[in-house]
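# Working through the structure, step by step
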Amino acid sequence: MKSLNREQFSTLLKVQRITTRLTRELRFVPEIIDSWDELEMLAVPTRSNKEGLLLLQPDAFYAFPYELTTNLADRATGRSKPITCDFCYTWQQGGKAGRITFRRKTDDHTLTYLCCSDLRCSLHVRDKTTEARLSRTQLHEDITTEQRIARLKDKLHILISALDLQPIQTF
Ligand SMILES: [Zn+2]
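Structural notes, computed from the coordinates.

Counted at 1.5 Å a residue, the expected span for helix α5 (residues 145-162) with its 18 residues is 26 Å, and the 26 Å between its end C-alpha atoms agrees. Among the residues making up α5, those that are buried are R148, I149, R151, L152, L156, L159, I160 and A162. Positive phi shows up at D164, right after α5, with a value of about 55°.

So, in structure tokens, the structure goes:
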């Protein structure tokens, strides 16, 4: 992903017509990002972490607001249950399992996916997290890191077309 500084991020929010309320609440901290070139997706959360702006760059650049539910519990038992992320295919324990929801602009339809609650899928596919290492012991796949990255990009392309997103030309 192309790196963004604070000024570019605030331009992006204007270009994308992100609401004033969400703009005010987003916590964009570019200093904590080590390697932008290893990111296909980056979630910029609000302080509450219940919503945010998802930046995507599998090739072109996209940005779209989301809502996030974390710590998924089974309705019947009340226990948190593990999931496999719909984007990066990482197995996550209930406490680190999330559900992300997007509202498509064209028809107001909502789309929901299971996800890593930290939304650090680009790091998980590159085996850079403890969650990734745990996942490898749960899901045995004969697949290389490059193939995992390619699969994540494919999933993001599917998401982008499901949401009818248009690439942002400014970036
Ligand atoms: Zn994931």
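Let us look at the nonpolar core. Counting 28 residues, the largest nonpolar core has F87, I100 and F102 as the members making the most contacts within it. Elements supplying a minimum of two residues to this core: β1 (41-45), β2 (51-56), β3 (62-70), β6 (97-103), β7 (110-116), α3 (121-125) and α5. Among the elements that line this core, the one with the most residues is α5, at six residues. Contacts of F102, omitting those with residues within four sequence positions, involve L54, F64, P65, Y66, F87, H109, T110, L111, Y113, L159 and L163.

Time to look at the coordination of the zinc ion. Any two of four tetrahedral donors ideally make an angle of 109.5 degrees at the metal, while pairs among six octahedral donors ideally make 90 or 180 degrees. Within the protein, the zinc ion binds to C85 (SG), C88 (SG), C116 (SG) and C121 (SG); these donor distances fall in the range 2.2 to 2.4 Å. We note that the donor set of the zinc ion lies within a single chain, spaced as C-x2-C-x27-C-x4-C. In this pair, C88 sits in the loop between β4 (83-84) and β5 (91-92) while C121 sits in helix α3, placing the two residues 33 residues apart along the sequence. Neither residue differs from the other here; C88 and C121 are each classed as buried.

It is worth spelling out the pairing of β1 at this point. In terms of burial, β1 is a largely internal element, four of the five residues being buried. Here β1 runs beside β2; their pairing, made up of five bridges, is antiparallel. The residue of β2 that forms the bridge with M41 is L56.

About the thresholds
- Residues numbered from 1 in each chain as written.
- Predicted model: local features only at pLDDT ≥ 70, side-chain atom pairs only at ≥ 80, totals over all residues.
- Heavy atoms only, no water.
- Helix = DSSP H or I, 4+ residues; strand = E, 2+ residues; numbered from the N terminus.
- Expected span 1.5 Å × (residues − 1).
- Buried < 20%, exposed > 50% of the residue type's maximum accessible area, 1.4 Å probe, protein only.
- Core = buried A, V, L, I, M, F, W, Y, C linked by side-chain atoms within 4.5 Å.
- Contact = heavy atoms within 4.5 Å.
- Donors = N, O, S within 2.8 Å, 3.2 Å for Na, K, Ca; no water.
- Pairing = 2+ DSSP bridges.

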